[in-house]
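Descriptive structure summary
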Amino acid sequence: MRNNNFIVRKAAVLGAGVMGAQIAAHLANANIETLLFELPSQQGDPNDSVIKAVERLRKQEPSPLSTTTRAACIQPANYGEHLDLLKDCDIVIEAIAERMDWKAELYAKVAPYLSEHTIFASNTSGLSINQLARAFPKNLRRRFCGVHFFNPPRYMHLVELIPYEDSDAAMLDDLEAFLVTYLGKGVIRAKDTPNFIANRVGMFSMLATMHHGRKFNLSFDLIDALTGPLIGRPKSATFRTADVVGLDTLAHVINTMRDGLSEDPWHRYFTPPDWLQGLINNGSLGQKSKCGVYQKVGKEIHVFDLNTRTYRLATDAVNDEIKVILKLKDPVERFALLRANAHPQAQFLWAIYRDLFHYCALHLTAIADNARDLDLAIRWGFGWKLGPFEIWQEAGWSQIAGWVNADITSGNSMSDAPLPSWVLEPDRVGVHDSQGSYAPSSNTLRARPSLPVYRRQLFPDLLLGEGVQYGTTIFETDAIRMWHTGDDIAIVSFKSKMHTIGNDVLDGLQHAIQEAESNCRALVIWQTEPPFSAGANLQKATDRLKSDSPPSTLSLLARKIKKTAQAAVLKAAHNLNLADALMAGKLAEVESMVAQFQQTSQDLRYSMIPTVAAVDGLALGGGCEFVMHCDRAVATLESYIGLVEVGVGLLPAGGGCKELALRAARSANDGDPFPLLKNYFQTVATAQMAKSAEQAKELGYLRPADLVVMNRFELLHTAKAQAMALSESGYRPPLQYRNIPVAGSTGIATIKGMLINMLEGGFISEHDYLIGSKVAHVMCGGELTPGSLVDEAWFLELERTAFIELLATEKTQARVEYTLKTGKPLRN
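Scope of this entry: the structure provided in the associated data block.

1. Focus on the overall build of the chain
A count of helices and strands for the chain gives 29 helices and 25 strands. Relative to the 2.2 N^0.38 estimate, which gives 28 Å for 828 residues, the radius of gyration of the chain is 28 Å and therefore close to what a compact globule would have. With the C-alpha coordinates aligned to their principal axes, the bounding extent of the chain is approximately 80 × 65 × 60 Å. At a minimum sequence separation of 6, the contacts of the chain that also span at least 24 residues come to 71%. Per element, the accessible surface of the chain, about 32400 Å² overall, is 51% carbon and sulfur.

2. Observations regarding the packing of aromatic side chains
Within this structure, the stated rule accounts for 35 aromatic pairs. Taken together, the ring pairs in this structure connect F335, Y353, F357, F389, W392, W397, W422 and Y438 into an aromatic cluster. Positioned above the aromatic ring of Y438, the side-chain terminus of R428 is 4.2 Å from the ring centre.

3. What to know about the pairing of strand 20 (residues 522–525)
One face of the sheet, then the other: side chains in a regular strand alternate in exactly this way. Of the two faces of strand 20, the one holding A522 and V524 and the one holding L523 and I525 are both buried throughout. Summarising the sheet, strand 19 (residues 489–494) and strand 20 pair through four bridges and their orientation is parallel. Of the residues in strand 20, the one forming a bridge with V492 is I525. In this fold, the crossover linking strand 19 to strand 20 by way of helix 17 (residues 503–519) has right-handed handedness. Pairing geometry for strand 20 and strand 21 (residues 611–620), over three bridges, is parallel. Of the residues in strand 21, the one forming a bridge with L523 is T611.

4. As for the sheet that holds strand 6 (residues 91–94)
The pairing of strands in a sheet happens through backbone hydrogen bonds and is either parallel or antiparallel. Spatial strand order, 5-4-3-6-7-8-9-10: eight strands in an open sheet with mixed pairing. With one partner strand each, in any of the chains shown, strand 5 (74–78) and strand 10 (186–189) form the two edges of the open sheet. If you compare each strand with its neighbour and ignore which way they point, the axes differ by 25° on average. Here strand 7 (residues 119–122) pairs with strand 8 (residues 144–149) via three bridges, running parallel. Within the sheet, the bridge partner assigned to F120 lies in strand 8 and is F144. Against the sheet, helix 14 (residues 371–382) touches strand 9 (158–163) and strand 10, its axis set at about 140° to strand 10.

5. Focus on the pattern of salt bridges
Two side chains with opposite charge may pair up if their charged atoms get near one another. Applying the stated criterion across every chain yields a total of 39 salt bridges. Close ionic contact of R70 with E694 constitutes a salt bridge, the shortest N to O distance being 3.2 Å. Of this pair, R70 sits in the loop between helix 2 (48–59) and strand 5 while E694 sits in helix 24 (residues 693–699), and the two are 624 residues apart along the sequence. The residues R70 and E694 share a single accessibility class, namely buried. The partner of D305 in a salt bridge is R312, and the shortest N-O contact between them spans 2.9 Å. Its relative accessible area of 14% is what places D305 among the buried residues. Classification of R312 by relative accessible area gives partly exposed; the value is 26%. What you see here is one network of salt bridges that share partners, running through R605, K658, E659, R663 and E792.

6. Concerning the environment of H511
Here H511 is to be found in helix 17. Sequence-wise, H511 and F475 are 36 residues apart; in three dimensions their C-alpha atoms are separated by 9.5 Å.

7. Comments concerning unusual backbone geometry
For the peptide bond that leads from E61 to P62, omega is -5°, which places it in the cis range. Within the element layout of this structure, P62 appears in the loop between helix 2 and strand 5. Look at the link from P530 to P531: it is a cis peptide, with omega at 10°. By the element assignment, P531 lies in the loop between strand 20 and helix 18 (539–545). The backbone phi angle of M498 is positive, close to 55°, even though this residue is not glycine.

8. Here's the deal with the state of the cysteines
As enumerated under the stated definition, the model contains zero disulfides in all. Sulfur of C630: no disulfide; nearest cysteine sulfur belongs to C624 and is 11 Å away. Judged by relative accessible area, which is 0%, C630 ranks as buried.

9. So, the side chain of D90
Residue placement: D90 occurs in the loop between strand 5 and strand 6. Buried charge without a partner: D90 forms no salt bridge, and the closest opposite charge is R9, 4.8 Å away. Not counting residues up to four positions away in its chain, the partners in contact with D90 are F6, I7, V8, R9, K10, H117, T118 and I119.

10. Concerning the sheet that holds strand 13 (residues 310–313)
Spatially, the three strands line up as an open sheet ordered 11-12-13, and their pairing is antiparallel. Only two strands of the sheet have a single partner each, and these edge strands are strand 11 (294–297) and strand 13. With direction set aside, neighbouring strand axes in the sheet form an average angle of 40°. Here four bridges tie strand 11 to strand 12 (residues 300–305), and the two strands are oriented antiparallel to one another. Across the sheet, residue V297 finds its bridge partner in strand 12, namely E300.

11. Focus: the pairing of strand 7
What you see with strand 7 is no split at all: I119 and A121 on one side and F120 and S122 on the other are buried throughout. Bridge analysis of strand 6 against strand 7 gives four bridges, and the strand direction is parallel. Bridged to I91 within strand 7 is I119. For the crossover from strand 6 across helix 3 (residues 100–110) to strand 7, the handedness is right-handed.

Reading guide: rules and limits
Residues numbered from 1 in each chain as written. Predicted model: local features only at pLDDT ≥ 70, side-chain atom pairs only at ≥ 80, totals over all residues. Heavy atoms only, no water. Helix = DSSP H or I, 4+ residues; strand = E, 2+ residues; numbered from the N terminus. Rg over C-alpha atoms; globule rule 2.2 N^0.38 Å. Contact = heavy atoms within 4.5 Å. Areas by Shrake-Rupley, 256 points an atom, 1.4 Å probe, with all protein chains shown as cover. Phe/Tyr/Trp six-rings, centres within 6.5 Å; stacked < 30°, edge-to-face > 60°. Lys NZ or Arg CZ within 6 Å of the ring centre and 35° of its normal. Buried < 20%, exposed > 50% of the residue type's maximum accessible area, 1.4 Å probe, protein only. Pairing = 2+ DSSP bridges. Right-handed = clockwise from strand over helix to strand, strands pointing away. Axes fitted to C-alpha atoms, helices over the stretch in contact; angles between N-to-C directions. Salt bridge = Lys/Arg side-chain N within 4 Å of Asp/Glu carboxyl O. Disulfide = S-S within 2.5 Å. Lys, Arg positive; Asp, Glu negative; His and termini not counted.

The following block contains the structure:
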């Protein structure tokens, strides 16, 4: 791993607890050999503690590992036997318990074994970096700093980089570049103050939420309903987040604020509430103990009730009037109505915003260099859609500032500390604009960091007020835009909701390919925001089939749910009113659209210029098929790719079955494609979605030559570089395959045998058997003699025919309609 002159060949993590083990896992995700240290076990294998920690990584969901095979990159070690291995490590990350004395003792133990070039970083969540550095030998302190990962490290974008007062500046730059490119992180340089930036502000927000929730007598589940997606925050909201973090960890962070911030005007609130300490004393620590603010009882979620001090069924009781206010598009109107509304839920929301704005404004100078660093820290570390200052600016800076000031004066605020003078400047409209973000210490706008690594981010994560122009338009329709950034690489971006693919997108993409062949060197498909594509949108076909009926509202429902930015779970359904379609007798028009989809996939494969799919987020169904047909795919680690059509009773018909059959044939060692094909069949027949780009390679959706990038904001840069490299190599499209050996009737019979066993065992339904049989028929090349040679057109025709046949069945219709209505799969 090279960045300028900084190379990471090997890393070590000290501490195999929850965070240490997951940091080691993410280093392994980046292909870095990693030592994971812990105290030697008293009985049995001295490495037993680490071995068990790595086993937990394999089983944990959402997985800290991109694939379970990455666990092999983590080498168990203990302080009693393996300290000499540290001399070969380029970076060592300490992640033991948040005790200053324990950390100092560990530093003294490991320091003699560190090389002078080694970077040593503490993952402390809030202890003083300068104080920790003093436990290190003076000659090593310049290579010491803090790197605070957020939980879970694989999924949370933020890492706070906290310099020691004498940290080597070049070392910090090298480390930042490493964290950004190789670990995929958003790095914010924080000042050495208790809890740094994100935890300082985020924890205050949680304390204010607890305070005002108690004041307005709101239950924990109601508070979570109010402070989740309705206000642009994660579904885990406040108390579900606390359970994920760990209630003991939460209390520790609060105590760190209490002990280290005695002069803070809000200091009297920096005490764990009695109910929180009570749960901790009872061993109810949250997710890790399977009981905290919430607990699962069977299939039900129960919540701790403050009034009864017992658990009850959790509910969502947000007032309808408040919901209407929160869904208003105009933030100025939304905040005005919240403040004016006397309902306790409205007053609660205004209060938590008011005190958050007050706190951020007063402490910005002390904890961060500028407003951008604070806002991005909260967005990346806590998953908010907008940071505190962005919310304030969007809602009308002067109006909000006046209201906050009035509440301070009247005693309604949690603190009577006056707002800083810069907040109340009469001409101030916010803190972010196209020139930079406000830095109170210098009273200037601070531009974004200028380190060379950020040149790779052609379009970084934008803040409110910055604005962006995505290159120069070549042509644009209602469905797609083709553009460039001043070179010969064409970029195509979809404009449809969730970037679904309908006739209009297909028409536009075919036009773009023709345009690129005439005037460009390569074509990249890249979306300005994830997902890459939620798949085929049959809305246009449905409109033709139902010309006298209003269109359906959903084409392909694909939802990625992360528990605090965690594992993806999907549900998919095509947008078809199938009963009306069949009655109209116009399935031929749907077949025509499928044929156009297949042709577009083939055009991507056999275009005279190289095509590259730049994938981030979901790439499902038809989106996955486009990825499979481009000359190269470049995917972020957090790409969730899959052929999921079987989930609604259909099968991949945009070339996906054909492509997997072709890959199995090309990889056959003895001319028999079936050994690999049966694995591909299982992937398709179970609608399996890869939970990372690396797993997508294992499942066959991505090829070995396809690239995985760790940082989504470097995706376009890397995709364009791949496109240019292909062009520079004298690109010619591959020859069409006309002699593809098939598994034929023997392969079909073998798969059907497995399906019959599952049917008779009650594991699948008769309709599942039919769908599986159709998938087997297509992927095995039909009822031909094994080894028969066919071309790609043969497979594509089999796909179309099987798709339409399934489409005509009542049970597939029922599956689609049920999923459209409920978002859940139907097994019939």
